[in-house]
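So the chains spell out like this:
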Amino acid sequence: MRTALVLLSLLFTLTAAAQKKTAWVSGKIIDENEKPVSGVSVVILGKTTGLTTNDSGQFRIKVPAGKSFALVFSHTGYADVQKNFYLSEEEEEKISIVLEKGGKTLETIVVSENKEHIETGLTKINPKNAITLPSTTGGIEALIKILVGSNNELTSQYSVRGGNYDENLIYINDFEIFRPYLVRSGQQEGLSFINPELAKNVNFYTGGFQSKYGDKMSSVLDIQYKKPTGFGGSAYVSLLEQGLHLEGAAKKGRISYLVGIRNRSNKNLLKSQEVLGAYIPSSSDVQASLTYKLSEKIQLEFLGTLSVTKFTLFPESAQKTTSVFSPLFTANLGLDIVFEGQERDSYKTNLIGLSILHTPSKKLKLKWMLSRFQNKENENFDIAGSYLFGDRDFDNTSSTYGQIVNPLGAGYYQNYGRNELNINVYNATLKGSYAAGKHFVQFGNSIEQTNITDKLKEWEYQDSAGYSLPYNPANLNLFKSFNSTADLSIQKYSGYVQDNIRLGTAKKEITLQAGVRYNYNSLNKEFLVSPRMQFSFKPNWKRDMVFKLAAGAYHQPPFYRELRKYDGTLNTDVKAQKSYQFVFGTDYNFKAFDNRPFRVTTEAYYKSMTSVDVYDIDNVKIRYAGNNNAKAYAVGFEARLFGELVKDAESWFSIGIMQTKENLDDDHYYQYKNAAGEIINSHSTDQVPVDSIRNEVGYVRRPTDRLITAGLYLEDYLPTNKNFKFHLNMIYGSNMSYNIPNSVKYRNALIIEPYIRVDAGFSAQLLSEKSKRRSHSPFRNFQNIWASFEVFNLIDRRNTISFQLVKDFANNVYSIPNRLTPRLVNFKVVGRF
């Protein structure tokens with residue numbers, strides 16, 4: 001009897017346990033224009049009851065666990081969608097469904113995650129990670145640099161697949177964003193243009209992007225700011241940056257607003273620089289996005305930004321050191337400089353954009369856009385330095401420890417500049433889309449007026465061992481001098497049309513995006529046509545694998561900086577740099593480690609470039625040759641892993657292999673022989689050359705050439721308390737080339753050592769569970785408050801960004817590295833309400 005009762009009790013227990021095997025599916029339903037769809041019926045296939053989505057298009061439904069089932073999504077005027085699931089007990093899967101106009105049941109499903117799954121080169125970035133990421137610059141760009149690599153923690157600019165900073169497109173709410181042009185070093189930069197607290201969707205394309213995006217060769221960063229449905233906000237304070245943002249809605253959701261204010265000072269970062277002195281950096285901005293829904297068919301949108309950055313420096317002294325190792329000798333070389341003078345720079349940018357969204361019918365959508373971008377930049381510097389160069393004593397028992405004990409060179413130099421740049425860009429654009437069956441056609445056309453005024457007055461004086469360079473006993477010459485003005489008025493016309501076609505069946509998902517762009521500008525009177533194509537194929541496999549292919553023309557017309565030659569003059573006949581790109585990739589979704597989601601992407605790419613305008617990079621300053629006298633290529637492979645290495649914690653790892661080289665037209669040098677047929681120094685005074693050999697330089701490394709890049713973003717938390725979190729940001733980049741000025745034989749021959757950077761952050765949630773707070777608590781309206789302690793450059797490696805070239809008494813040239821920041825700490829508090 002007792003045994004029977006035990007068995008009966010066990011049976012009831014097992015039955016009850018089986019009845020509790022449930023899971024959850026939640027997410028959001030949107031239409032083709034990524035707008036939420038409310039009132040969508042969500043029902044388990046075979047059941048008669050379910051639920052409907054709320055006004056934001058969101059839902060959460062309880063589903064059976066441990067067996068296969070399907071959900072059916074239906075709404076009047078839209079085609080039905082069915083998606084199959086198999087979930088473990090208590091598992092919750094989050095999805096986003098795209099409903100298409102129509103009346104028939106869809107054979108296949110289109111999920112918003114599918115956009116990332118099928119589009120070539122696309123990575124969707126979570127803007128919330130930009131707040132928790134331990135990084136000196138912060139912002140969306142800091143996340144991007146983990147994916148594509150970096151060589152400078154003081155700048156928000158980035159290089160993609162062998163391109164430079166000028167080859168990246170940035171859009172906010174479909175308005176193109178421009179960066180300051182006169183910035184020479186990362187320490188002069190202020191805030192990133194993008195406010196991550198305002199961002200909702202962040203799409204980053206590393207290449208092979210669609211025709212609807214503009215005319216540049218490397219990447220696209222497409223950001224959409226939030227359109228709030230209720231009141232909220234955030235505030236944060238750190239040793240580097242402070243910010244506040246507010247959002248809300250009124251008139252039953254017809255009006256929404258989004259406002260952000262930020263202030264930043266890099267003083268704590270710069271106080272440990274090699275150049276000692278008084279640094280006074282400051283940067284502030286305000287951004288606002290407003291939406292007003294006039295009717296069901298017409299909506300007004302406004303975007304306004306204002307940014308002011310100032311940088312003042314009173315340099316005092318610098319001590320730089322490098323080591324030389326060779327089979328013949330080893331030396332610790334030092335450079336001591338004493339400065340006088342100052343630098344004062346200012347950069348002011350503002351953008352005003354107005355959009356009218358018009359929906360004449362369910363199939364046709366139009367967006368009319370007007371914008372004005374203004375950029376005012378001023379550079380004022382007059383800095384002189386007296387230097388002593390030689391062997392530095394590193395014997396800490398010596399009375400001369402740290403001093404230069406064997407002078408090899410001495411001199412004096414002075415840099416002077418009074419530069420002013422004003423840019424005004426006026427743009428009128430029409431964009432639209434038309435849906436017809438399996439086709440989704442997008443089109444656009446824009447007219448742009450660019451006005452540029454530039455005053456360049458800059459010179460450098462160099463004195464080595466008492467002789468001014470270049471040496472002329474009859475005259476006192478400047479080492480280099482620029483004095484020019486420019487006043488340009490440029491009209492630009494561009495447009496595109498592309499068709500997004502679904503060719504697949506229930507068993508095979510196939511998408512094709514084919515389009516073409518045109519571009520014309522009145523400066524060089526060049527008309528460009530750029531066809532582009534993207535293709536994806538998902539076979540009927542058990543594994544969730546997609547194959548992707550992209551090919552097209554990506555031509556980049558000159559804006560302004562490309563026109564200015566090394567001697568400071570303008571060449572307004574510079575044509576567009578032309579690029580033809582081919583990309584092949586795979587995208588694989590799978591689950592591992594206790595059924596956690598993972599995604600692996602791979603892409604191989606090749607870029608063939610002609611009419612290249614070659615350039616040098618010094619820190620972040622790009623100086624072009626101002627002509628189209630080269631060809632180049634970039635070839636590489638990238639692989640990325642996204643997933644939960646730790647349950648409920650987002651992480652990713654990225655690795656890339658790349659080579660990019662350039663070949664200048666008619667670049668050659670001569671070697672000279674004496675009467676015995678021996679190679680001699682061309683500057684030799686005791687031997688007479690009797691013959692010469694012409695050597696073609698051929699392909700050389702580009703300034704952005706880097707064989708290996710790797711990045712890691714890792715989240716973790718205490719197993720017993722998720723309110724204590726850890727974030728790790730790690731970047732590795734192999735060596736890069738650096739140009740020796742005015743050298744044909746040794747162009748880009750200097751080597752910048754590998755860049756290695758590790759930043760770590762430790763966070764603790766100070767306030768949570770709003771419902772448990774007392775009514776009189778000053779924090780009663782806060783959702784949560786986090787405090788973070790960040791360690792920048794955890795391994796205390798001072799990476800090299802550029803070189804200072806110094807001559808010794810024998811006229812030999814030495815390269816002394818300019819290094820970046822050491823280990824530093826930061827403290828940050830973030831509150832959301």
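Residues numbered from 1 in each chain as written. Predicted model: local features only at pLDDT ≥ 70, side-chain atom pairs only at ≥ 80, totals over all residues. Heavy atoms only, no water.

Draft legend 1. How the structure looks around the pattern of salt bridges. This model, assessed by the stated rule, comprises 35 salt bridges. Residue E197 is joined to R832 by a salt bridge in which the shortest nitrogen-to-oxygen separation is 2.9 Å. With E197 in the loop between β10 (175-176) and β11 (199-205) and R832 in strand β45 (residues 824-832), the pair connects residues that are 635 residues apart, well separated along the chain. Linking E696 and R694 is a salt bridge whose minimum nitrogen-to-oxygen distance equals 2.7 Å. Here the residues in one salt-bridge network are R161, E603, E638 and R640, joined through shared partners. (Salt bridge = Lys/Arg side-chain N within 4 Å of Asp/Glu carboxyl O. Helix = DSSP H or I, 4+ residues; strand = E, 2+ residues; numbered from the N terminus.)

Draft legend 2. Quick peek at the packing of aromatic side chains. Here the structure, examined in full by the defined rule, presents 27 aromatic pairs. A centroid spacing of 6.4 Å and a plane angle of 45 degrees characterise the contact between F642 and W652, whose relative ring orientation is tilted. Highlighted residues: F642 in strand β31 (residues 630-646) and W652 in strand β32 (residues 649-664), separated in sequence by ten residues. Judged by relative accessible area, F642 falls into the buried class, the value being 14%. W652 gets classed as buried once you look at its relative accessible area, which sits at 6%. Ring centres 5.5 Å apart and planes at 70 degrees place the aromatic pair Y738 and F803 in the edge-to-face group. Here the residue Y738 occupies a position in strand β39 (residues 736-738), and F803 occupies one in strand β43 (residues 800-807), the gap between them amounting to 65 residues. (Phe/Tyr/Trp six-rings, centres within 6.5 Å; stacked < 30°, edge-to-face > 60°. Buried < 20%, exposed > 50% of the residue type's maximum accessible area, 1.4 Å probe, protein only.)

Draft legend 3. Representation of helix α4 (residues 139-148). Counting buried residues in α4 gives ten out of ten residues, a clear majority hidden from the surface. Those residues of α4 that fall on the buried side of the exposure criterion are G139, I140, E141, A142, L143, I144, K145, I146, L147 and V148. Positive backbone phi, at 95 degrees, marks G149, one or two positions downstream of α4.

Draft legend 4. A look at the sheet that holds strand β5 (residues 68-74). Taking strand neighbours across the sheet as the criterion, the four strands line up as β3-β2-β5-β6 in an open arrangement whose pairing is antiparallel. Strand pairing shows two members of the sheet lacking a second neighbour, β3 (50-52) and β6 (81-86), which therefore form its edges. If you compare each strand with its neighbour and ignore which way they point, the axes differ by 20 degrees on average. Inspection of the sheet shows strand β2 (residues 41-44) paired to β3 by three bridges, in the antiparallel sense. (Pairing = 2+ DSSP bridges. Axes fitted to C-alpha atoms, helices over the stretch in contact; angles between N-to-C directions.)

Draft legend 5. Highlighting a nonpolar patch on the surface. Where nonpolar side chains cluster on the molecular surface, the patch consists of F637, F653, I655, I657, L707, I708 and Y732 and spans about 570 Å² of accessible area. Top element by residues in the nonpolar patch is β32. It accounts for three residues. Mapped onto the fold, I655 is located in strand β32. Residue classification places I655 among the partly exposed residues on the basis of a relative accessible area of 35%. (Patch = residues over 30% accessible without salt bridge, like charges linked within 9 Å, V, L, I, M, F, W, Y side chains within 5 Å. Areas by Shrake-Rupley, 256 points an atom, 1.4 Å probe, with all protein chains shown as cover.)

Draft legend 6. Here's a closer look at the sheet that holds strand β34 (residues 679-680). In spatial order, the strands read β34-β33-β35; together these three strands make up an open sheet with antiparallel pairing. Of all strands in the sheet, those bounded by a partner on one side alone are β34 and β35 (691-696). Direction of pairing for strand β33 (residues 668-673) relative to β34: antiparallel, over a ladder of two bridges. Bridged to K673 within β34 is I679.

Draft legend 7. Summary view of unusual backbone geometry. Notably, N595 is not glycine yet its phi reads approximately 65 degrees, a positive angle. Here N595 shows up in the loop between β27 (578-592) and β28 (596-612). Using a relative accessible area of 31% as the deciding quantity, one classes N595 as partly exposed. Positive phi values are uncommon outside glycine, yet N748 reaches one of about 55 degrees. With respect to the secondary-structure elements, N748 resides in the loop between β39 and β40 (750-752). What makes N748 buried here is its relative accessible area of 5%.

Draft legend 8. Focus on the nonpolar core. Residues F204, L221 and Y225 are the most contacted members of the largest nonpolar core, which totals 56 residues. It is α4 that contributes the most residues to this core, seven residues altogether. Once you skip the residues sitting within four places of it in the chain, Y225 turns out to touch I172, N173, F193, I194, N195, L198, A199, K200, L258, Q287 and L303. Formed by 21 residues, the second largest nonpolar core is a distinct cluster that contains I29, V42, I97 and L99. (Core = buried A, V, L, I, M, F, W, Y, C linked by side-chain atoms within 4.5 Å. Contact = heavy atoms within 4.5 Å.)

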